[in-house]
Amino acid sequence: MPAVTVQQGPRDIELKRELIKKITDAFVETYRIPAETVMVFIEETPADSFGVGGKLAADK
């Protein structure tokens, strides 16, 4: 049972649904396994709790 964790800033629920579907589809196609065996976890970190390029993401 593959498990994928995506770490990201907050996103709209529709975008998360699309991402989960595409990740699942990639495993189904590549590994030839049932979609029901693929687990995708999304961990969201607020923009004031991480940095990119030496700057706090909330400051961009």
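Residues numbered from 1 in each chain as written. Predicted model: local features only at pLDDT ≥ 70, side-chain atom pairs only at ≥ 80, totals over all residues. Heavy atoms only, no water.

Colleague: So, the UniProt feature "domain: 4-oxalocrotonate tautomerase-like" (unreviewed entry) in the protein: which residues are in play, and what are the values?
Modeller: The positions that UniProt labels "domain: 4-oxalocrotonate tautomerase-like" (unreviewed entry) are, in the present scheme, residues 8–59. Segment residues 8–59 splits into 37% helix and 21% strand. End C-alpha atoms: 16 Å apart. (UniProt positions renumbered as here; feature names shortened; annotations may be inferred. Helix = DSSP H or I, 4+ residues; strand = E, 2+ residues; numbered from the N terminus.)

Colleague: Tell me about the pairing of strand β2 (residues 39–44), residues and numbers included.
Modeller: Inspection of the sheet shows strand β1 (residues 3–8) paired to β2 by 6 bridges, in the parallel sense. Looking at the pairing, A3 lines up with M39 of β2. A crossover links β1 with its parallel partner β2, the connecting element being helix α1 (residues 13–31), and its sense is right-handed. (Pairing = 2+ DSSP bridges. Right-handed = clockwise from strand over helix to strand, strands pointing away.)

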